Amino acid sequence: MDKQFESSNFIHEEIDRDLVKYPGLKIHTRFPPEPSGFFHIGHVKAISLNFATAEKYGGLCNLRMDDTNPILEKKEYVDAIQRDIKWLGFTWHERVFYASEYFDQCFEYALKLIDEGNAFVCDLNADELREYRGTLTEPGKNSPYRERTPEENRRLFLGMKDGLYEDGTRTLRARIDMKSGNINMRDPVIYRIMHKEHSHTGNKWVIYPMYDYAHPIQDAIEGITHSLCDVGFEDHRPLYEWVLEKTGYGEFPKQREFARLNITHTITSKRKLRDIVEAGKVAGWDDPRIPTIAGLRRRGYTPSSLLAFIDKVGVAKTYSVVDMALLEFCIRDELNKSACRVMAVLDPVKVVITNYDAGMTEELLAENNPEDPEAGSRIVPFSRELYIERDDFMIDPPRKFFRLSPGNEVRLKNAYFITCTDFNIDDSGSVTEIRCTYDPLSKGGNSPDGRKVKGTLHWVSAKHALDAEIRLYDRLTQYATPSEYPENSNATDLVNPDSLLIINDAKLEPSLLSAKAGDRFQFMRNGYFCCDPDTKGDKIVFNRIVPLRDTWAKISDNGVKND
RNA sequence: UGGGAUGUAGCCAAGUCGGUAAGGCAACGGACUUUGACUCCGUCAUUCGUAGGUUCGAGUCCUGCCAUCCCAGCCA
């Protein structure tokens, strides 16, 4: 973690100034998720910013379950949240806070607001409240209950607390300014009546504080110095500061806002993701196509690659959509250094080495990772019948194709030079078998006479091959950004129908027999793959994390085939 | 005639007191290569939303304009 998030940003710069002004100030942040859903990549940015900022300044970050609304929060999410943060590598030192633990103080402060004429009990119902609030361009009107005396307000508020009134019949409102251009300041509701059991406080309360009122108080009580949230709360800052002022707090905590994370070709809206999952368009909250932390984890992304990504994106206030290519770069960059290379043929076609002994098997040495000598080497069996990638053979190749074709010689990685002498096709014209001869002197992949070949292919010995299911994932949505979404589309329409392609008959080299769920490899010339938890007994399943960069695909797509 | 925020390359994003546009991704050339991968080298903003102004000098200061995003939950 120490290397992560070294880069500075406008928030760190402000903290640096705060530190000059208040030497010895203990920087204290907080991460306040509402336990009402699963985390996605957007949360990683908030988690990273809050925890890494505290770490950078030698302070602490409080994990705080923001449970002020009992109808939304569920206990099961509390565990998922902790698991995800831990997986990312951050620690809250076993200090888990709950917003609900401050309900007593929130209540006391509400009494103080009432006594000082800064809050009143309002009998308007929801519809009336909306009417009185005004619109974006017209000011609101004062509630007819706005001038109640502190004594009456206190009596009524105590009555609310004691459960004397029905849900929705009364609220406690801050007494600020109905004419404010900022709608959040038009006497916002700070307490509502909800006869609902709370997952943490049980039946102790029937009134619950609103986020805007409770949050600054929680921050203040915990000694938070910097309360970082997304720009959606920028308009709420005056209210945050109003609450702190009226309850008697000073310059800290201070709320600062940063832009939320958006990525091309995927969806980071909590609501849209839920729609997609509930409609069964993906297999669940951990489907490797969706950018939930659980999904990314199952896809094969590492915590460090996610954090590296967040760091490269930076922190600013501008609305932005980051190119998915950057996320892919981060995982490739990491796995290039750490993943062992293995050979796997995804779309197999048989090759017969006609001058190779039918009963013979050779054990060839293969380097595990050219980027890491420490990774050592392994044995790969070679025999007369092999599989290669269907794409690696063409009957009538274009000029720049330097893989296998009739009469052409290529190298089999770690094995021999082979030359195609013949091939068979079926009625539909597709190749059923390729026949080659090999050069026995080229064992290991070099010819003693020094002749060169332009192509090197990966391969798997047919009789030693492992059968496997491979899941090829592609972008969740074909639309790069929300601005490209079709008019009136719902979330389920956005899912790319080709986002998952399942291959049932892939052939793997036998060393992969020992692969366990979560293990990551580079399937040479194909991409990075992660062993899926569905792998059980003799069923082997791999997920493609990301393909390798493919320059040839670009060249051939540009029409070289017609040369 | 509401309020708030933001505009620097295809995408992110640095740009301190005004001193002559960092870095990353992508893209494009080339070298290397037993992965068409990796690595390496090179190219990629006469211009900072726009129009004026101040100044020897403006992305940075001033004024006007334009564009985009957010806000009318008893959600967070």
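Residues numbered from 1 in each chain as written. Chains lettered and ligands numbered in written order. Predicted model: local features only at pLDDT ≥ 70, side-chain atom pairs only at ≥ 80, totals over all residues. Heavy atoms only, no water.

Brief notes about the environment of Arg 186
Structurally, the position occupied by Arg 186 is in the loop between strand S5 (171-174) and strand S6 (189-193). The spacing of Arg 186 and Leu 239 is 53 residues in sequence and 9.9 Å in space, taken between C-alpha atoms. The contacts of Arg 186, once residues within four sequence positions are left out, are Arg 133, Gly 134, Thr 135, Glu 138, Pro 139, Gly 140, Arg 173, Asp 177, Met 178, Lys 179, Ser 180 and Gly 181. (Helix = DSSP H or I, 4+ residues; strand = E, 2+ residues; numbered from the N terminus. Contact = heavy atoms within 4.5 Å.)

As for the pairing of strand S24 (residues 527-531)
Of all 5 residues in S24, 5 are buried, a share of seventy percent or more. With 4 bridges connecting them, strand S23 (residues 520-523) and S24 associate as antiparallel partners. The residue of S24 that forms the bridge with Gln 522 is Tyr 528. The antiparallel pairing of S23 with S24 creates a hairpin that spans 3 residues between the two strands, and Arg 525 there sits at a positive phi of about 65°. Here S24 runs beside strand S25 (residues 541-547); their pairing, made up of 5 bridges, is antiparallel. Each residue of the ladder has a partner; that of Cys 531, found in S25, is Phe 542. (Buried < 20%, exposed > 50% of the residue type's maximum accessible area, 1.4 Å probe, protein only. Pairing = 2+ DSSP bridges.)

A few points about the nonpolar core
Ranked by internal contacts, the top residues of the largest apolar core, which has 47 residues, are Phe 31, Ile 85 and Phe 309. Take this core: its biggest share by element is 8 residues, from helix H2 (residues 41-56). Other than its neighbours up to four places away in sequence, Ile 85 contacts Phe 31, Phe 39, Ile 47, Phe 51, Leu 63, Phe 90 and Trp 92. In terms of nonpolar packing, the next biggest core, distinct from the first, is built from 31 residues, Phe 107, Phe 157, Trp 205 and Tyr 208 among them. (Core = buried A, V, L, I, M, F, W, Y, C linked by side-chain atoms within 4.5 Å.)

Comments concerning the protein's contact with RNA strand B
The environment of RNA strand B is made up of 63 residues, and the closest members are Arg 341, Arg 403, Gly 444, Gln 522 and Thr 551. A share of 63% of the atoms of RNA strand B within 4 Å of the protein falls on sugar and phosphate groups. At 2.9 Å, a backbone N or O of Lys 400 approaches a base nitrogen of RNA strand B. Measuring from a phosphate oxygen of RNA strand B, one finds a side-chain N or O atom of Arg 549 at 3.2 Å. Mapped onto the surface near RNA strand B, the elements with two or more residues apiece are helix H5 (126-133), S6, helix H11 (303-313), helix H12 (324-338) and helix H13 (551-557). Of the residues contributing to the surface near RNA strand B, the split by class is 24 nonpolar, 19 polar and 20 charged. (Near = heavy atom within 4 Å. Polar contact = N/O pair within 3.5 Å; in protein donor to acceptor, adjacent residues only side chain to side chain. Nonpolar A, V, L, I, M, F, W, Y, C, P; charged D, E, K, R; others polar.)

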